[in-house]
Amino acid sequence: MVLHSGQSRRPESRGGSNPFFGGTDPALAASVSPPHKRLADQPVPPDTALQVVRDELMLDGNARLNLATFVTTWMEPQAGQLMAECVDKNMIDKDEYPQTAELERRCVNILADLWHAPDPSAIMGCSTTGSSEACMLAGMALKRRWAKLGRTGKPNLVMGVNVQVCWEKFCEYWEVEPRLVPMEGDRFHLTPEQAVEHCDENTIGVVAILGSTFDGSYEPVAEIVAALDELQERTGWNIPVHVDGASGAMIAPFLDPELVWDFRLPRVASINTSGHKYGLVYPGVGWVIWRDQEALPSELVFNVNYLGGEMPTFALNFSRPGAEVAAQYYTFVRLGREGFRVVQQASRDVAMDLAQRIAQLGPFELLTKGDQLPVFAFTTKPDVQAFDVFDVSRRLRERGWLVPAYTFPANRTDLAVLRVVCRNGFTHDLAALLCEHIEHYLPELAAQSGPRHSPATSTSFHH
Ligand SMILES: *Cc1c(COP(=O)(O)O)cnc(C)c1O
């Protein structure tokens, strides 16, 4: 979470909120003010507390117009109800809540099946708070497996510079050298040649991303695996692959059944996904699955017995609500394979259609078309001098749209893009409105004497 430092510079609120808040007692209203720095001396009635907190939260954005995030912003009311019923269940307390644990087990099995685990009885898997925790666990397993080889150098992990920040965190926290393969020209993600070139005997694994947060493209997992097979023949180094399928592992099984990226490739040791992205569940739930017990060294697994049962666990945290796991199981029950296919196809259709419309506006060119993840990135054509992507992003904010603009990492820091993430609930109608709004601003943007905003500052969160 955001690491907050010290006291905010804002002056303490002067107190005395809406006179209605006190009910029949104006003195009470005067005493109610949202505490900023220390607890108030006295309690307030629950309705008042609710109103105070709700009023503050009004300032948050409209999640449905947020095209920056991959995270689910709408579920059916039935799912919300189920989650409300489960918030008091502690995931770790598998003895008290054996059925929640059972639903978690079923979700793991369902995902292992979607990802073509060759031996379903051999897999190991668990839920997490999201893909970040899942990636930490997968990275720890890779590191431990490497450590057991008895090599002496510093461990390294090979991946494209387009990895999500969680992999840089993993490397920093667990003291692994990140080998980030830079972008070059119009290569915006990891290729087999580059992956192999960066490997040596201390490489704990290669991370392949399905798909990249920067532009929505799938990395060529099968080709990376083939190159590593060839590397093993030459050198004897047996380097496992982890697939970061935070988004794509819930898209490809339904929309790209022919694409071989998962446990069908023997070198793929583990896969993660975010249940709260295209798994269609509110935050925060993620999943990670290992092909077999060899891929997950048993020392990393702790047996928890002091809540009554005897349960193997692998997690960074301990207590966690069971609601998200119940909600994930709900989406599996609710949609089935065909339901998932239809929902994901709708997102991809909207993405591809919107990308084409934007390309036809004139000043923009597409980096991706939305035909892999339902996500695409675009930039201004080289001859556009009057404005840049940051200007477009800021103008769209005036209409409530959150479309992030950001620069790419090394070696394409010269390239700045806008990115649109199409999620369930972002319809063709809304997409048409967005396109109209962009078109509406174009004459004003074209009349600028040059870009207004410094590209040094990205306009919004884009991971
Ligand atoms: C979002 C994302 C993550 C982090 O996932 P959280 O569920 O938000 O922790 C990791 N990798 C990729 C490729 C992502 O898109």
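Residues numbered from 1 in each chain as written. Predicted model: local features only at pLDDT ≥ 70, side-chain atom pairs only at ≥ 80, totals over all residues. Heavy atoms only, no water.

Engineer: How do you make sense of the overall build of the protein chain when you look at a structure like this?
Structural biologist: The number of helices and strands found in the protein chain is 12 helices and 13 strands. The globule rule puts the C-alpha radius of gyration for 463 residues at 23 Å, and the 24 Å found for the protein chain is close to it. Principal-axis analysis of the C-alpha atoms gives the protein chain an extent of 80 × 65 × 45 Å. Residues classed as buried in the protein chain amount to 51% of the 463 residues present. In the protein chain, of all internal contacts separated by at least 6 residues, the share reaching a separation of at least 24 is 71%. (Helix = DSSP H or I, 4+ residues; strand = E, 2+ residues; numbered from the N terminus. Rg over C-alpha atoms; globule rule 2.2 N^0.38 Å. Buried < 20%, exposed > 50% of the residue type's maximum accessible area, 1.4 Å probe, protein only. Contact = heavy atoms within 4.5 Å.)

Engineer: What's the story with the packing of helix 3 (residues 77-86) against helix 10 (residues 323-360) in this structure? I'm lost.
Structural biologist: What describes two packed helices is the angle between their axes and the distance between those same axes. Axis separation between helix 3 and helix 10 bottoms out at 8 Å; the angle between their running directions is 150°. In this structure, helix 3 meets helix 10 at a crossing whose hand is right-handed. Residues Gln78, Ala79, Leu82, Met83 and Cys86 of helix 3 touch helix 10, and the partners they reach there are Ala323, Glu324, Ala326, Ala327 and Tyr330. Looking at side-chain class alone, the contact of helix 3 with helix 10 contains 8 nonpolar, 1 polar and 1 charged residues. (Axes fitted to C-alpha atoms, helices over the stretch in contact; angles between N-to-C directions. Left-handed = near helix turned anticlockwise from the far one by under 90°. Nonpolar A, V, L, I, M, F, W, Y, C, P; charged D, E, K, R; others polar.)

Engineer: I tried to follow the site of the ligand on my own but got confused; where do I start?
Structural biologist: Residues in close proximity to the ligand include Gly130, Ser131, Ser132, Gln164, Cys166, Ile209, Thr213, Asp244, Ala246, Ser274, His276 and Lys277, which together make up its full environment. A distance of 2.7 Å is found between an oxygen atom of the ligand and a side-chain nitrogen or oxygen belonging to histidine 276. Here an oxygen atom of the ligand and a side-chain polar atom of lysine 277 are 2.8 Å apart. Look at the ligand: alone it shows 380 Å² of surface, and the protein chains cover 90% of it. A breakdown of the residues in the shell around the ligand according to their chemical character gives 3 nonpolar, 7 polar and 2 charged. (Near = heavy atom within 4 Å. Polar contact = N/O pair within 3.5 Å; in protein donor to acceptor, adjacent residues only side chain to side chain. Areas by Shrake-Rupley, 256 points an atom, 1.4 Å probe, with all protein chains shown as cover.)

Engineer: Explain unusual backbone geometry to me, please; I cannot follow it from the model alone.
Structural biologist: Most peptide bonds take the trans configuration, and most residues that are not glycine carry a negative phi. Going from proline 283 to glycine 284, the amide bond is cis rather than trans, its omega being 0°. Relative to the helices and strands, glycine 284 resides in the loop between strand 6 (268-274) and strand 7 (286-290). Phi is positive for histidine 116, close to 60°, though the residue is something other than glycine. In this fold, histidine 116 is placed in the loop between helix 4 (98-114) and strand 1 (124-128).

Engineer: What exactly am I supposed to notice about the domain arrangement of the protein chain here?
Structural biologist: Put simply, an interface is often sized by how much accessible area is lost when its parts join up. Looking at the assigned domains, one finds that the protein chain contains domain 1 (26-60), domain 2 (78-332) and domain 3 (350-446). The centre of domain 2, based on its C-alpha atoms, is set 30 Å off from the matching centre of domain 3. Facing the 20 residues of domain 2 at the interface are 21 residues of domain 3. Here domain 2 and domain 3 share an interface that buries about 1,600 Å² over both sides, 65% of which is from carbon and sulfur atoms. Summed over the three residues of domain 2 that lose the most area to domain 3, namely Phe214, Asp215 and Tyr278, the buried surface amounts to 35% of that side. (Domains from an automatic or database assignment. Buried area = accessible area lost by both parts, 1.4 Å probe.)

Engineer: Would you explain the pairing of strand 5 (residues 241-244) in this entry?
Structural biologist: The side chains of a regular strand alternate, residue by residue, between the two faces of the sheet. Taking every second residue as pointing to the same face, both faces of strand 5 are buried, with Val241 and Val243 on one and His242 and Asp244 on the other. Here strand 4 (residues 203-209) pairs with strand 5 via 4 bridges, running parallel. Paired with valine 207 across the strands is histidine 242, a residue of strand 5. As paired elements, strand 5 and strand 6 share 4 bridges and run parallel to each other. Pairing of aspartate 244 across the sheet is with asparagine 272, part of strand 6. (Pairing = 2+ DSSP bridges.)

Engineer: Looking at this structure, how should I read the nonpolar core?
Structural biologist: Generally speaking, soluble globular proteins have nonpolar side chains that are buried together. Counting 63 residues, the largest nonpolar core has Trp115, Val206, Val221, Leu228, Trp261 and Val268 as its most contacted members. Of all the elements, helix 10 adds the most residues to this core, at 9 residues. The residue makeup of this core includes at least three contributed by each of domain 2 (78-332) and domain 3 (350-446). Setting aside chain neighbours within four positions, we find valine 268 in contact with Val221, Val225, Val241, Val243, Trp261, Asp262, Phe263 and Arg291. (Core = buried A, V, L, I, M, F, W, Y, C linked by side-chain atoms within 4.5 Å.)

Engineer: What am I meant to see in the pairing of strand 4 here?
Structural biologist: Among the 7 residues of strand 4, 7 are classified as buried, and the element is accordingly described as predominantly covered. Relative to strand 4, strand 2 (residues 156-160) runs parallel, the two being bridged by 3 bridges. Bridged to asparagine 156 within strand 4 is threonine 203. Crossover connection from strand 4 via helix 8 (residues 221-235) to parallel strand 5: handedness right-handed. (Right-handed = clockwise from strand over helix to strand, strands pointing away.)

Engineer: Teacher, can you tell me more about the sheet that holds strand 11 (residues 375-380) here?
Structural biologist: In a beta sheet, neighbouring strands are held together by backbone hydrogen bonds and run either parallel or antiparallel to one another. With antiparallel pairing, the 4 strands of this open sheet are ordered in space as 10-11-13-12. Two strands lie at the open edges of the sheet, namely strand 10 (364-366) and strand 12 (405-407), each paired on one side alone. On average, adjacent strands in this sheet sit at an angle of 40° to one another, irrespective of strand direction. Here 4 bridges tie strand 11 to strand 13 (residues 416-421), and the two strands are oriented antiparallel to one another. Within the sheet, the bridge partner assigned to alanine 377 lies in strand 13 and is arginine 419. Across the sheet, helix 11 (residues 389-397) is in contact with strand 10, strand 11, strand 12 and strand 13; its angle to strand 13 comes to roughly 40°.

Engineer: Looking at this model, I keep getting lost on the packing of helix 11 against helix 12 (residues 428-446). Mind explaining?
Structural biologist: At their nearest, the axes of helix 11 and helix 12 sit 10 Å apart, and the two run at 120° to each other. As summarised for this structure, helix 11 and helix 12 are arranged oblique, according to the angle between their axes. Between helix 11 and helix 12 lies a crossing of right-handed hand. Residues Asp391, Val392, Arg395 and Leu396 of helix 11 touch helix 12, and the partners they reach there are Leu434, His437, Ile438, Tyr441, Glu444 and Leu445. (Parallel < 35°, antiparallel > 145°, perpendicular 65-115°, else oblique.)

Engineer: Can you walk me through the sheet that holds strand 7 in this structure?
Structural biologist: Read across the sheet, 7 strands follow the order 1-7-6-5-4-2-3 without closing on themselves; strand pairing throughout is mixed. Among the strands making up the open sheet, the edge pair consists of strand 1 and strand 3 (177-181). Across the sheet, the mean angle from the axis of one strand to that of its neighbour is 20°, orientation sign disregarded. Bridging between strand 1 and strand 7 involves 5 bridges; their strand directions are antiparallel. Bridging across to strand 7, threonine 128 finds its partner in glycine 286. Along the sheet, helix 6 (residues 165-173) makes contact with strand 2, strand 3, strand 4 and strand 5, crossing strand 2 at roughly 165°. Set on the sheet, helix 8 makes contact with strand 4, strand 5 and strand 6; between it and strand 4 the angle comes to about 155°.

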